[in-house]
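Structural features, examined
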Amino acid sequence: MIETEKLQRVMSEVARQTCIDPACGARFDLNERLYVCPRCGELLDVALEGASAADPEQLRAVWTARRSSFAPRDLSGVWRYRELLPFADDAPVVSLAEGNTPLYDAPVSAAYCGLQSLTLKHQGCNPTGSFKDTGMTTAVTQALILGARTVVCASTGNTAASLAAYAARAHLQCAILVPRGQVSHAKLAQSLDYGAAVLELDGNFDDAMRVIRELAEDDSVYLVNSINPFRIEGQKTVAAELLHQREWCVPDHVVMPGGNLGNSSALGKGFKKLKDLGLIDRLQRLSVVQAEGAAPFASLFGSESDVLTPIEHPQTLATAIKIGAPVSWKKALRAVLDSGGSVLSVSEQEIADAKAIIGRDGVGCEPASATTVAGVKRLVASGVIGSDTDVVAVLTGHILKDTDYAINYHQEKLYTHDREPDKTKEQRRLAGTYSNPPARVKATKTAILEGLRRHEQEHSGEHRRKHSIDLPGE
Ligand code: F0G
């Protein structure tokens, strides 16, 4: 294992939990079991106060050397960057070799957005198929450090699947609270297979979050939603992995989906840390995209108010981000404002079309992730992003997380939510602008060749031009 023991000691000795409200400023021991500040109720942050003492060149060299090591911690794309983490060297690391997710050049998506190029950071390539794993490895490690027996979370599906897997690795009991009937089958199937107690709640994610926070007052359980600052610590290393993959070349703009807003908080924190350490010399803009029917953060950003107004009945087919009262909005707002980024929302049709376009790059993601490409397209159209801007869109979940959505889109059977009494079912149907439905053929060579010919015709350059997809090379 490649070690920088001296560096690590400098950093971990000074880690504290601190209240994010500067007017309170309360600080607590790293291993006090807390989720919010006991004095004022605000969120907590883990502060690594001594980290700036590190030498950036040495860090870069150590992290690069670890990419060729087979030691378990070095194989993890999170623990490889352990100098950024508030853990002692002998921490009981619970890992599934998370992180290590690819950066893809996406020319079709770029052309769709009106950009010369676009890069996708595919966090859906994590072990359980979503970015949650990068934070779950650290949160479940902290659960072991605290001696917890039972770990719990409220979830729209991905946090649950991730927690269930890491809890199984750590031999901890796991309970997950999910809104009944609002979680994709794939995500539920994962949690069941990993052995979690799956509790289906009558209500939405925000109800589940409220109940789980009450439950967490009980010392018998440890809560690992992103309110838990140790989740954020793991997720923040994605900033290091991304910049490392780009050989420390800072993009102009990073765009990500927003639900409960833990991930944008984490990436913002990660980028800032890299700058404080001297690993990068500037911050890129960080923008967050929400689904129109679940966009309290975008509404706040576009208003004069400095307080988020929750949405009581959030609605979107991107169920992962169907959230009306995001817990981490203050941290995320800080990250967006510090970077000069923006927050916007996109429609269900824009999400569905962007998802199909991402697929044409051979990548594929779940609906929530496609908000990013839809958001980039809007930001280019409104002139916020120039066509030559170096943009990275973060895809957060794998396409196999929600296959029903994809199948329905391609068969033009995707309907927006049913809380629109003034609309008929037909009016709620999303257009399959880039649909690619399966064709039924007879089991003969001629029929198959005819099917191929028809498919080629329907997906020709002419067809694309009709839909204004300016594909490279056409
Ligand atoms: N993308 C995917 C695929 C998600 O699962 C989530 C959140 C987000 C984006 C939004 O990230 O909440 O940090 O702003 N899923 C949570 C869950 C809520 O329970 O799986 P965020």
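In this text the structure is predicted, and so the values were computed from the model without any measurement.

Quick notes on the nonpolar core
One finds Val140, Val151, Leu163, Cys174, Tyr222 and Val224 to be the most contacted residues of the largest nonpolar core, which totals 52 residues. Among the elements of the structure, strand E3 (44-48), helix H5 (132-145), strand E6 (150-154), helix H6 (158-170), strand E7 (173-179), helix H8 (205-215) and strand E9 (221-223) are those that each provide at least two residues to this core. At 7 residues, the largest contribution of residues to this core is made by H6. Excluding its chain neighbours within four sequence positions, the residues that come into contact with Cys174 are Val151, Leu163, Ala164, Ala167, Ala196 and Ala197. In terms of nonpolar packing, the next biggest core, distinct from the first, is built from 41 residues, Tyr112, Ala320, Ile385 and Ala393 among them.

Describing the sheet that holds strand E12 (residues 343-346)
Sheet architecture is open: 6 strands sit in the order E4-E5-E13-E10-E11-E12, paired in mixed fashion. Looking along the sheet, the strands with just one partner apiece sit at the ends: strand E4 (103-105) and E12. Taken pair by pair, the neighbouring strands of this sheet meet at an average axis angle of 25 degrees, ignoring direction. Across 4 bridges, strand E11 (residues 285-291) lies against E12 in parallel orientation. In the sheet register, Ala291 faces E12, and the bridge partner there is Val346. Each of E11 and E12 touches helix H12 (residues 329-339); the most contacted strand, E11, lies at about 135 degrees to it. Where helix H13 (residues 348-360) meets the sheet, it contacts strand E5 (118-122), E11, E12 and strand E13 (391-395), and its direction lies at approximately 90 degrees from that of E12.

Observations regarding the packing of H6 against helix H7 (residues 185-193)
At a minimum axis separation of 8 Å, H6 and H7 run at an interaxial angle of 20 degrees. Taken as axis vectors, H6 and H7 run roughly parallel relative to one another. Two packed elements cross with a definite hand, and for H6 against H7 that hand is left-handed. From H6, Asn158, Ala160, Ala161 and Ala164 reach across to H7, where they touch Lys187, Gln190 and Ser191. Its residues assigned to classes, the contact of H6 with H7 comprises 3 nonpolar, 3 polar and 1 charged.

Here's the deal with the packing of H5 against helix H9 (residues 229-245)
Where H5 meets H9, the axes come as close as 7 Å, and the angle between the chain directions of the two elements is 140 degrees. As far as their axial angle goes, H9 and H5 are oblique. Here the hand of the crossing between H5 and H9 comes out right-handed. Here Lys132, Thr134, Gly135, Met136, Thr138, Ala139 and Gln142 of H5 come into contact with H9, specifically with Phe230, Arg231, Gly234, Gln235 and Val238. Considered class by class, the residues forming the contact of H5 with H9 number 4 nonpolar, 6 polar and 2 charged.

Topic: the environment of Tyr405
Relative to the elements of secondary structure, Tyr405 occurs in helix H15 (residues 403-410). The class of Tyr405 is buried, set by a relative accessible area of 4%. For Tyr405, the contacting residues outside a window of four places in its chain are Leu317, Glu348, Ile351, Ala352, Lys355, Pro367 and Leu414.

Each value, and the rule that gives it
- Residues numbered from 1 in each chain as written.
- Predicted model: local features only at pLDDT ≥ 70, side-chain atom pairs only at ≥ 80, totals over all residues.
- Heavy atoms only, no water.
- Core = buried A, V, L, I, M, F, W, Y, C linked by side-chain atoms within 4.5 Å.
- Buried < 20%, exposed > 50% of the residue type's maximum accessible area, 1.4 Å probe, protein only.
- Helix = DSSP H or I, 4+ residues; strand = E, 2+ residues; numbered from the N terminus.
- Contact = heavy atoms within 4.5 Å.
- Pairing = 2+ DSSP bridges.
- Axes fitted to C-alpha atoms, helices over the stretch in contact; angles between N-to-C directions.
- Parallel < 35°, antiparallel > 145°, perpendicular 65-115°, else oblique.
- Left-handed = near helix turned anticlockwise from the far one by under 90°.
- Nonpolar A, V, L, I, M, F, W, Y, C, P; charged D, E, K, R; others polar.

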